[in-house]
Amino acid sequence: MSQQGYVATPPYSQSQPGIGLSPPHYGHYGDPSHAGSPPGMMKPAGPLGAAAPGGMLPQGPSPPGPHQFGQNGAHAQGHPPQRFPGPPPVNSAAPSYAPYSPSTQSSYPSPASTASVTQLASQLNAMHINSYGTGMAPPGQGPPGPPSAPLFQGLPRPPQPSIMQPGSQVLPPPPTALNGPGASPLPPSTHRQDGLPGPAPLNAQYQPPPLPGQTLGTGYSPQQAASYGPQMAGGQLSYPGGFPGGPAQMAGPPQLQKKLDPDSIPSPIQVIENDRATRGGQVYATNSRGQVPPLVTTDCVIQDQGNASPRYIRCTTYCFPCTSDMAKQAQIPLAAVIKPFATIPSNETPLYLVNHGENGPVRCNRCKAYMCPFMQFIEGGRRYQCGFCNCVNDVPPFYFQHLDHIGRRLDHYEKPELSLGSYEYVATLDYCRKNKPPNPPAFIFMIDVSYSNIKNGLVKLICEELKTVLEKLPKEEQEETSAIRVGFITYNKVLHFFNVKSNLAQPQMMVVTDVGEVFVPLLDGFLVNYQESQSVIHNLLDQIPEMFADSNENETVFAPVIQAGMEALKAADCPGKLFIFHSSLPTAEAPGKLKNRDDKKLINTDKEKILFQPQTNVYDALAKDCVAHGCCVTLFLFPSQYVDVASLGLVPQLTGGTLYKYNNFQMHMDSQQFLNDLRNDIEKKIGFDAIMRIRTSTGFRATDFFGGIFMNNTTDVEMAAIDCDKAVTVEFKHDDKLAEDSGALIQCAVLYTTIGGQRRLRIHNLSLNCSSQLADLYKSCETDALINFFAKSAFKAVLHQPLKVIREILVNQTAHMLACYRKNCASPSAASQLILPDSMKVLPVYMNCLLKNCVLLSRPEISTDERAYQRQLVMTMGVADSQLFFYPQLLPIHTLDVKSTALPTAIRCSESRLSEEGIFLLANGLNMFLWLGVSSPPELIQGIFNVPSFAHINTDMTTLPEVGNPYSQTLRMIMSIIQQKRPYSMKLTIVKQREQPEMVFRQFLVEDKGLYGGSSYVDFLCCVHKEICQLLN
């Protein structure tokens, strides 16, 4: 069946001579021999509706679903067919970059400045596509001018054919994917293949950009080409480092072309809004196999009816290909992003707890899968066939139940494990260490009391706050008080343990100076119940800042601190979590001592990967020990200079902990953000000493795992702890054929210890479809999950491979996925048309955002620690967090309806969408910016900041003043709604238009050219399209 996809018409249509493409890399970053292969392009992702024949208009209204393209200003009813005279002329002069002006002026939004696509096309020819290498001019240098000589020599470029043959007079009608639910029904006469003349459709919400020389339709508002930033000189696709390639790939003048209109290319905002319109606020029942859930950005109520909620598991596609050949052909990664402890909203049912007493869970004898809805009962209920390995098992006598007339057990709806996708079991002693019940976990607070932390007030702040947060230790729902015990250590270059036993009048300090062989100097009185020892603990917290007030010790240790915490938990025979508050490079003589190795000379070389690797293997070994003893490490870092996050962050990452980083911490500006993070971290839902196992039905298996995990073998995913924000991404590969009728089944089982000290099993089951039709695979993709997978696999690869190779592979795989769709699923159409599957409309924009992330950009301007930090955060992100991180939310605040509690509709992340009269809020999960246009309405400024004018606003504030008026209240409410679902507290930065700090804000306008390199979305889409044409030819 042919399938309809999004069709855009880029301004060039033929691939150029001299650019070959290497064989595809399938989902893995090995084999440096392909290092020079020109990559393909990327695509944006989002679970969208089904697609239909490329560019056909349906009769009648288009199907509902996330299809419609808005922000296109299109109201084209009744316009005459647009005509144009054949192919555009070849410009015989040297490539001058003067913008092309169409002969007929019109108010159609100009498809963007010609200059940059001309330039882009010529650059792409002159270089290996996307081998992001060395030697690129920084963006924005110099006026657009002739490119540097050596890049443009070689074969002359053929003239570009127009989108249609010269004989046809009319632009092809837009595909349905762009006429959303609101489109008016179209008469049958418009039901044409792309490229054939047909009447202009009514209410066309999208039209391909006209070619140069073509008469433009009227009725469109003009678009400023200039608002897309300065064009760059020379051969640059604005990835740092041009695409090195033989100089002889193209000569002759590039052709003048029109640039794509940003409004005519897929908009992430439109896709998000369409999904909200069709699926928001509804009940989503998980009762059928392989259904594609609403997007992560859509609020709905999820009802478990036999498959795990998408809050727990999201997949890159909900329909797996039947064979590995088909998987290799499409190159769509088959992966699941699993968040086993995801927070469930209060209007959804919490997980049921199943207790079979001493019998324990019922499991398949052969593959050990747990009883679940995929087991088929036979022989009157006496036996059951496992859905995973097909083994026939006897039903244990205690579990027997008769079957009804359709072969279902009579107690089907009474047993969560038979009717639900997710549930928990109480584990028996067989599932416990040493076959005895675990002790409740402990929290140990470890404070760096070196000179700088005492002087800047950080130690006092932590001690004061601990008094508050210790009141809020997590507890089992039915319990009065928390079972968690607490302990305290301070350190600089030696360690201080504190005895806070409840019967002491004063806390006692014991000093361990031998940091080479750390031991725990006391057992009794170190880990205590907070309620019982409250007065001694408060006494201690009051004393610590004074105790070290006169210390001049600035050197610190780090590895021995973790070692001490782990030994204390080991001695107490309990799992637990270390909260470490640290601020400097550990240079004191001790295991794990680090030196400053922040070497900018490594950037853009094959040795750059060293910057992401730990300096010493001490931390790797330490992490392994921590995981073995159920010791999770969460690190709060307060660096004022390089601290080697790649080394210090390793233990938190491998033990399922969290890394928080506050650069140049200043009490008055940053304390609120830190305190919010600390409170959240202590209170969040968490499981300790966890092992996760992924089981699959026959035909495929889990092969790769990404996340805050440790693996001793190929199947057991070990986590010292896992909390509600941590996700593990799992990749699957075929080991045989899959059958369409039985589908593909996944069971995720997590064995863990609760905060109350109970051993439990948490089970999540999901059934996917299988198909031998590629179209079904593309129809069921989820772009947000794809980007999560690509980000993690790329960020894992930076440890071993040159960044240039990784970027190439990403681009390459994007192009392959889209070329395969174009070749096998879309209706035939002109080569000049870019056709995207409906579910991947926004894959290119999201992929471009990933490529522009500082981890993958080799630039000296970005601190090494920041790159290592962001790499680590992304490795444990769930789909909702990675979606916001790579494509921030940008809200117009000046259009607020103060009577409504709904968030204003977001706008696209591009400078062209901002206005001088506007106020905009941007959030990406780590940062929040309030951008103020120079002509912001005074009444809004008065309302939000309580000052008379723009000039009076103090940009140093990090929280908005509480002004008692509707504007202020609504804005602060919106900020708290955005914040409440996110794992990190976002620090607010106030940015005034045209002032220096605006540069930082601009990095987040991800559809524009990157500040430190990186294409604009429009340029990237052109580049991807070029790659696809290469592949298809």
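The numbering scheme is per chain: residues are counted from 1 as the chain's sequence reads. Local features are withheld for residues below a pLDDT of 70 in this predicted model, meaning they are given only at 70 or higher, and side-chain atom pairs are given and counted only at 80 or more; totals for whole chains, interfaces and linings count all residues. Side-chain metrics in this entry use all non-hydrogen atoms of the structure; hydrogen atoms and water are not considered.

### Quick word on the overall build of the protein
- Think of it this way: any DSSP run of H or I at least four residues long counts as a helix, any run of E at least two long counts as a strand, and we number them from the N terminus. Scanning the protein for helices and strands turns up 22 helices and 30 strands.
- The classification of residues rests on relative accessible area computed with a 1.4 Å probe and restricted to protein chains. Under 20% of the type maximum is buried, over 50% is exposed, and intermediate values are partly exposed. The buried share among the 1033 residues of the protein stands at 63%.
- For this analysis, residues touch if any pair of their heavy atoms sits within 4.5 Å. Contacts in the protein between residues at least 24 apart in sequence constitute 79% of all its contacts with a sequence separation of at least 6.
- Values of accessible area rely on a 1.4 Å probe in the Shrake-Rupley scheme; residue burial ignores everything except the protein chains shown. When the accessible area of the protein is evaluated, it comes to approximately 36,100 Å², of which 52% is carbon and sulfur surface.

### Side note on helix α7 (residues 534–547)
- When the terminal C-alpha atoms of α7 are compared, their 19 Å separation across 14 residues agrees well with the 20 Å that a helix rising 1.5 Å per residue should span.
- Looking only at α7, the buried set comprises Val536, Ile537, Leu540, Leu541, Ile544 and Pro545.
- Where α7 is buried, its residues contact α5 (451–455), α6 (458–469), β13 (485–491), β14 (495–499) and β16 (528–529). Helices are assigned an expected span. That span is 1.5 Å times one less than the residue count.

### Some remarks on the packing of aromatic side chains
- Two aromatic rings from Phe, Tyr or Trp, using only the six-membered ring of Trp, form a pair when their centres are within 6.5 Å; if the ring planes differ by under 30 degrees the pair is stacked, by over 60 it is edge-to-face, and anything between is tilted. Taken as a whole, this structure holds 35 aromatic pairs when the rule is applied.
- With centroids separated by 6.1 Å and ring planes inclined at 85 degrees, the aromatic side chains of Phe581 and Phe674 adopt a geometry described as edge-to-face. Here Phe674 lies in helix α12 (residues 667–683) and Phe581 lies in strand β17 (residues 576–582), a separation of 93 residues in the sequence. We note that Phe581, like Phe674, is buried.
- Considering the side-chain rings of Phe929 and Phe1001, the 5.8 Å spacing of their centres and the 70 degrees angle between planes classify their relative orientation as edge-to-face. Of this pair, Phe929 sits in strand β29 (residues 927–932) while Phe1001 is found in helix α21 (residues 998–1002), placing the two residues 72 residues apart along the sequence. In terms of burial, Phe929 and Phe1001 fall into one category: buried.
- Taken together, the aromatic side chains of Phe581, Phe636, Phe638, Tyr660, Tyr662, Phe665, Phe674 and Tyr984 make up a single cluster linked through ring pairs.
- Over the ring of Phe377 we find Arg409; its NZ or CZ atom is 4.9 Å from the centre of that ring.
- A positively charged side chain is recorded as over a ring if its NZ (Lys) or CZ (Arg) lies within 6 Å of the ring centre. The angle to the ring normal must also be within 35 degrees. Taking the ring centre of Phe341 as reference, the NZ or CZ of Arg762 above it sits at 4.4 Å.

### Some thoughts on the UniProt feature "domain: Zinc finger Sec23/Sec24-type" (unreviewed entry) in the protein
- Feature annotation in UniProt places "domain: Zinc finger Sec23/Sec24-type" (unreviewed entry) on residues 361–399, given in this structure's numbering.
- What you have in residues 361–399 is 0% helix and 23% strand, and the ends, taken at the C-alpha atoms, are 10 Å apart. UniProt positions are given in the numbering used here, feature names are shortened, and annotations may be inferred rather than shown by experiment.

### Some thoughts on the sheet that holds strand β6 (residues 335–338)
- Spatially, 4 strands are ordered β4-β6-β23-β21 in an open sheet, and the strand pairing comes out antiparallel. Only two strands of the sheet have a single partner each, and these edge strands are β4 (313–315) and β21 (700–706). Neighbour-to-neighbour, the strand axes of this sheet turn through a mean angle of 25 degrees, independent of strand direction.
- Two strands make a pair as long as DSSP finds a minimum of two bridges between them. For β4 and β6, the ladder comprises 3 bridges, and the chain directions are antiparallel. The partner of Ile313 across the bridge, within β6, is Ile338.
- Comment: axis = line fitted to C-alpha atoms, over the contacting stretch for helices; angle = value between 0 and 180 degrees taken between N-to-C directions. Its contacts with the sheet place helix α14 (residues 783–797) against β4, β6, β21 and β23 (728–734), and it is angled at close to 60 degrees to β21.

### Quick look at the sheet that holds strand β10 (residues 392–394)
- The 3 strands are arranged β8-β9-β10 in an open sheet whose pairing can be described as antiparallel. Of all the strands in the sheet, just β8 (376–378) and β10 have a single pairing partner and so form its edges. Taking each pair of neighbouring strands and ignoring which way they run, the sheet shows an average axis angle of 30 degrees.
- Pairing analysis gives 3 bridges linking strand β9 (residues 383–385) to β10, with the strands arranged antiparallel. In the strand pairing of β10, Gln385 is matched with Val392.

### Side note on unusual backbone geometry
- One non-glycine residue, Asp573, lies in the positive phi region at around 55 degrees.
- Given a relative accessible area of 34%, Asp573 falls into the partly exposed group.

### Remarks on the packing of α14 against helix α15 (residues 803–824)
- The interhelical angle for the contact between α14 and α15, taken along N-to-C directions, is 150 degrees, at an axis separation of 10 Å. Classified by the angle their axes make, α14 and α15 are roughly antiparallel. Viewed along their axes, α14 and α15 form a crossing whose handedness is right-handed. Residue-level contacts link Leu786, Phe790, Ala794 and Ala797 of α14 to Ile806, Leu810, Gln813 and Met817 of α15.
- Ten residues, namely Ala, Val, Leu, Ile, Met, Phe, Trp, Tyr, Cys and Pro, are considered nonpolar, four, namely Asp, Glu, Lys and Arg, are considered charged, and the remaining ones, Gly among them, are considered polar. Residue composition of the contact of α14 with α15, grouped by class: 7 nonpolar, 1 polar and no charged. Between 65 and 115 degrees an angle is taken as roughly perpendicular, under 35 as roughly parallel, over 145 as roughly antiparallel, and anywhere else as oblique. Handedness of a helix crossing follows the sense of rotation of the near helix relative to the far helix, less than a right angle counterclockwise being left-handed and clockwise being right-handed.

### Remarks on a nonpolar patch on the surface
- For patch building, the residue pool is restricted to those with more than 30% relative accessible area and no salt bridge; the joining distance is 9 Å between like charges and 5 Å between nonpolar side chains (Val, Leu, Ile, Met, Phe, Trp, Tyr). A carboxyl oxygen of Asp or Glu within 4 Å of a side-chain nitrogen of Lys or Arg is what we treat as a salt bridge. Together, Met509, Val511 and Met547 make up an exposed nonpolar region whose accessible area comes to about 240 Å².
- Counting through the fold element by element, Met509 comes out in strand β15 (residues 508–512).
- Relative accessible area serves as the criterion here: at 39%, Met509 is assigned to the partly exposed category.

### Topic: the pattern of salt bridges
- In total, this model carries 40 salt bridges according to the counting rule given.
- Salt-bridge contacts for Lys467 lead to Asp542; the nearest nitrogen and oxygen are separated by 2.4 Å. Taken as a pair, Lys467 in helix α6 and Asp542 in helix α7 lie far apart in primary sequence, 75 residues in all.
- When its relative accessible area of 37% is taken as the criterion, Asp542 is described as partly exposed.
- The partner of Glu553 in a salt bridge is Lys493, and the shortest N-O contact between them spans 3.7 Å. One end of the pair, Glu553, is in the loop between α7 and α8 (559–572); the other, Lys493, is in the loop between β13 and β14, with 60 residues separating them in the sequence.
- The exposure class assigned to Glu553 is partly exposed, which follows from its relative accessible area of 23%.
- One salt-bridge network, in which partners are shared between bridges, spans Lys684, Asp723, Asp725 and Lys726.

### A word on the packing of α14 against helix α17 (residues 864–875)
- Relative orientation of the contacting elements α14 and α17 amounts to 135 degrees, with a least axis distance of 9 Å. One way to sum up the angle between α14 and α17 is to call them oblique. Handedness of the crossing formed by α14 with α17: left-handed. Side by side, α14 and α17 meet where Ala791, Lys792, Phe795 and Lys796 of the first sit next to Gln870, Arg871, Val874 and Met875 of the second.
- Looking at side-chain class alone, the contact of α14 with α17 contains 4 nonpolar, 1 polar and 3 charged residues.

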